[in-house]
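# Chains, contacts and geometry: an overview
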Amino acid sequence: MWRGACTIALVALVAPPSLAANETLLAAQQATPDTPETLAVDQATLLELGQTQSRLTVPVTIGDSRPYGFIIDTGAERTVVSRELAHVLNLQRGPDVNLTAVTGTELVRTVRVPEIAVTPLAANAILAPELEARHMGAPGILGIDMLQDHKVSIDFSKNIMEVRPSKHRVRSYVPAAPNEIVVRARDVFGQLIVTEARYGNRRIKVIVDTGAAVTVGNSAFARLMHAGKRGNIIPVESVTGNTLYLDYGMVSGVSIGGVGFNDLPVAIADIAPFRKFGMGSTPALLLGMDAMRAFRNVTIDFANREIRFTMPDGSMTPEMGRWSVAPS
C-alpha cells in the first residue's frame, strides 16, 4: 500500500554544494531527458555529491540498488528522493502534492518508491516528493515517515549518524547517564516538539531538526530578545531551491532541559513550518545542526518521545551547578 499525503512539511535549510557538484548538476539539467547520456550524468552527479558534501548521511537502498547517502531530517514529515536518483532508478511518477518548505507551500512532483530501506529499518513502499539534488546536497532525505519506532543517534565525536530500533518503555524509564540530559517531547504530526525549554524565564518551544544547517527562531521569539546581538544578514537555501535572507546573530539565555547555551547563533524568520506545527505566535526555535554540534552526542527517540543530549567534557559550570555549552 502506498503511503501518501495531501500536504507535507519539509523543514530544511542547507548550505550550497561545492562548485564541482554545481557544474555536474548543471550538466545533468541540460542533458536530453531519457537518454543513456543523461543516466550517466545523473549517476555522476550522485557520486559527486557523495564525495563533496560534509553533511552526515546514512546508507539507503531502493529495491536492489546500491546504497546512497541520504540526509536524516527529523524536521521533515516525508522522505524525499532527488530527481537525479529517480531518473537513474527509473522510478514511476506519482501524483503531485503540496509541500510546505521554509519558504512556503508549493506543488511538487512525487515518485513511487517500491522498496526503500535503511538498515535496520524494514523496507517500505512510499510516495516520495521529488526535488533537485543540488538543493538538498544529497541523493535524498530520510524523513520521520521512515523513523517512527526508531531512534536517531548523532555522534559528533566520530562524525557519524545512525538509525536503530527503539522499544516502547511502558513501565520502565532508562535513567540518564551522569553526563546526559534527557528531555521529553510531545508529538505533533509525528514531529517531536520540546517544551522543556526557556529563554530567560520565559517558556519556549523547540523543534530539533537534523536537516537544518542553522538554528531559526520566529518573530515571537525575537520579541523576547531585547538584548540579543543581531544585525548580520545571511543567505540560506531551502531544499526547494529558494533563497532566504535572514537576520542572524548570537543569543544567550536559551536553555533546554537545564542545558544553557552561550552565544547560540540564531536566524530570525517566520518560516512556514512554524505555522504548520501551530507555533506561529508562540516563541519557538528550530534547533539546527550548528547548535547540536555543541554536544558530544544527540539521540532522538521517536518511539518514546524523548531526546538525549550527551554533554562534552568540561560543560558543567561548577559555580552554578548546571550544564553550559557554547556552539562552535
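Residues numbered from 1 in each chain as written. Predicted model: local features only at pLDDT ≥ 70, side-chain atom pairs only at ≥ 80, totals over all residues. Heavy atoms only, no water.

What follows concerns the overall build of the chain. Regarding its fold elements, the chain presents seven helices and 25 strands. Looking at the chain residue by residue over its 328 residues, the buried ones come to 55%. Of the contacts formed within the chain by residues at least 6 apart in sequence, a portion of 67% connects residues at least 24 apart. As displayed, the chain offers around 14,100 Å² of accessible surface, 51% of which is attributable to carbon and sulfur atoms. (Helix = DSSP H or I, 4+ residues; strand = E, 2+ residues; numbered from the N terminus. Buried < 20%, exposed > 50% of the residue type's maximum accessible area, 1.4 Å probe, protein only. Contact = heavy atoms within 4.5 Å. Areas by Shrake-Rupley, 256 points an atom, 1.4 Å probe, with all protein chains shown as cover.)

Another aspect to go through is unusual backbone geometry. For aspartate 149, which is not a glycine, the phi torsion comes out positive at approximately 65°. Here aspartate 149 shows up in the loop between β9 (140-142) and β10 (150-155). Even without a glycine there, the phi angle at asparagine 159 is positive, about 60°. Relative to the helices and strands, asparagine 159 resides in the loop between β10 and β11 (160-165).

For the rest of this paragraph, the subject is the pairing of strand β22 (residues 297-301). Here β22 lies mainly inside the structure; five of its five residues are buried. Both β10 and β22 contribute to a ladder of five bridges, which runs antiparallel. Opposite valine 152, over in β22, you have isoleucine 300 as the bridge partner. If you look at the hairpin formed by β22 and strand β23 (residues 306-310), you'll find four residues sitting between the two strands, and arginine 305 has a positive phi there, around 55°. (Pairing = 2+ DSSP bridges.)

Let's shift gears to the environment of glycine 217. In this fold, glycine 217 is placed in strand β15 (residues 216-217). With a relative accessible area of 0%, glycine 217 lands in the buried category. Note: C-alpha distance between glycine 217 and leucine 286 (69 residues apart in sequence) is 6.2 Å. Ignoring anything within four residues of it in the chain, the contact list for glycine 217 reads Val266, Ala267, Ile268, Ala269, Phe274, Ala284 and Leu285.

All right, on to the side chain of threonine 310 then. Its location among the elements puts threonine 310 in strand β23. Classification of threonine 310 by relative accessible area gives buried; the value is 11%. Apart from residues no more than four positions distant in its own chain, threonine 310 is found in contact with Asn179, Glu180, Phe295, Arg296 and Asn297.

Counting residues in each nonpolar core, the largest one holds 64 residues, and the members touching the most others are Val81 and Phe221. A total of four residues in this core trace back to one element, the largest contributor, which is strand β13 (residues 191-199). Within the second largest apolar cluster, 19 residues are counted, among which are Ile207, Leu246, Phe274 and Ala284. (Core = buried A, V, L, I, M, F, W, Y, C linked by side-chain atoms within 4.5 Å.)

Turning to the pattern of salt bridges, a few remarks are in order. On inspection of all chains with the given rule, the structure shows 10 salt bridges. Note that glutamate 130 and arginine 109 form a salt bridge whose closest N and O atoms lie 3.7 Å from each other. Of the two residues, glutamate 130 sits in strand β8 (residues 124-131) while arginine 109 sits in strand β7 (residues 104-117), which places them 21 residues apart along the sequence. Here the residues in one salt-bridge network are Glu180, Arg184, Glu306 and Arg308, joined through shared partners. (Salt bridge = Lys/Arg side-chain N within 4 Å of Asp/Glu carboxyl O.)

Moving on, we come to the side chain of aspartate 73. Position of aspartate 73 relative to the elements: it lies in the loop between β4 (68-72) and β5 (80-82). Only 3.4 Å separates the side chain of aspartate 73 from the backbone nitrogen of glycine 211, close enough to count as a polar contact. (Polar contact = N/O pair within 3.5 Å; in protein donor to acceptor, adjacent residues only side chain to side chain.)

Moving on, we come to the packing of aromatic side chains. For the coordinates displayed, the defined rule picks out three aromatic pairs. Where phenylalanine 261 meets phenylalanine 295, the ring centres are 5.8 Å apart and the plane angle is 85°; that geometry is what we call edge-to-face. Here the residue phenylalanine 261 occupies a position in strand β19 (residues 259-261), and phenylalanine 295 occupies one in the loop between α7 (289-292) and β22, the gap between them amounting to 34 residues. One aromatic cluster in this structure is built from Phe261, Phe295 and Phe309. Sitting over the ring of tyrosine 68, arginine 66 keeps its end group 4.2 Å from the ring centre. (Phe/Tyr/Trp six-rings, centres within 6.5 Å; stacked < 30°, edge-to-face > 60°. Lys NZ or Arg CZ within 6 Å of the ring centre and 35° of its normal.)

Let us now look at the pairing of strand β6 (residues 92-101). Both β6 and β7 contribute to a ladder of eight bridges, which runs antiparallel. Bridge pairing in β7 links threonine 100 to threonine 105. In this antiparallel pair of consecutive strands, β6 and β7, the connection spans two residues.

A word on the confidence of the model for the chain. Scored by pLDDT, the chain comes out at a mean of 79, with 76% of its residues at no less than 70. Taking the mean pLDDT of every element in the chain, the minimum, 37, falls on helix α1 (residues 19-30) and the maximum, 95, on β22. Predicted confidence for residues 1-8 stays below pLDDT 50, and this span has 31 contacts to residues more than four positions away or in other chains. Note that residues 14-32 has pLDDT below 50 and, in this model, 38 contacts with residues that lie over four places away or in other chains. (pLDDT = per-residue confidence, 0-100.)

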